[in-house]
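So the chains spell out like this:
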Amino acid sequence: QLQLVESGGGLVQAGGSLTLSCAASGRTFSTYNMGWFRQVPGKERKLVAFISWGGDVTTFDDSVKARFKIPRDDAKNMVYLQMNSPRAEATAMYYCAARGKTNFDFDSWGQGTQVTVSS
């Protein structure tokens, strides 16, 4: 498992941009699939962006597709969520998560960082 620490959350205007960062500890970060989830009170955590180990596959929830990006830097053990033109419904707690390349479930989680989008 990895230890994950998110940063970069805060207040952003709708239509602006914000980048979240996730720092991972562990020598095998490059072998992990990474995801960004978000959660609002009373609702389940939802995967919004995914990047495979190796970085050749990315997927996005339809609500953020074409506006969010999920780059990773294996040399720095970092993964990011670039939020472009976020909408008010993007207001949520955002979590970074890791899944070993042979695992089915995400089994490492960060503590979360709050993003608030003002309209």
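Please refer to the structure placed before this passage.
Cut-offs and rules
- Residues numbered from 1 in each chain as written.
- Predicted model: local features only at pLDDT ≥ 70, side-chain atom pairs only at ≥ 80, totals over all residues.
- Heavy atoms only, no water.
- Disulfide = S-S within 2.5 Å.
- Helix = DSSP H or I, 4+ residues; strand = E, 2+ residues; numbered from the N terminus.
- Buried < 20%, exposed > 50% of the residue type's maximum accessible area, 1.4 Å probe, protein only.
- Salt bridge = Lys/Arg side-chain N within 4 Å of Asp/Glu carboxyl O.
- Phe/Tyr/Trp six-rings, centres within 6.5 Å; stacked < 30°, edge-to-face > 60°.

(A) A look at the state of the cysteines. Under the defined criterion, the tally for this structure stands at one disulfide. The disulfide partner of Cys22 is Cys96, and the gap between their sulfur atoms is 2.1 Å. Looking along the S-S bond of the Cys22-Cys96 disulfide, the torsion reads about -75°, which is the left-handed sense. Highlighted residues: Cys22 in strand β3 (residues 17-25) and Cys96 in strand β10 (residues 92-100), separated in sequence by 74 residues. Each member of the pair, Cys22 as well as Cys96, carries the same accessibility label: buried.

(B) Layout of the pattern of salt bridges. Summed over the entire model, instances satisfying the criterion amount to three salt bridges. The salt bridge partner of Lys65 is Asp62, with a shortest N-O separation of 2.9 Å. Residue Lys65 is classed as partly exposed on the basis of its relative accessible area, which comes to 44%.

(C) Quick look at the packing of aromatic side chains. The final tally for this structure, using the stated rule, is three aromatic pairs. Look at Phe37 and Trp109: their rings are 4.7 Å apart centre to centre, the planes differ by 55°, and that puts the pair in the tilted class. Here Trp109 lies in strand β11 (residues 108-109) and Phe37 lies in strand β4 (residues 32-39), a separation of 72 residues in the sequence. What makes Trp109 partly exposed here is its relative accessible area of 33%. Between the aromatic rings of Phe106 and Trp109, the centroid separation amounts to 6.4 Å while the plane-to-plane angle is 55°, which identifies the pairing as tilted. A relative accessible area of 16% places Phe106 in the buried class. Three or more aromatic residues link up through ring pairs in this structure, and these residues are Phe37, Phe106 and Trp109.

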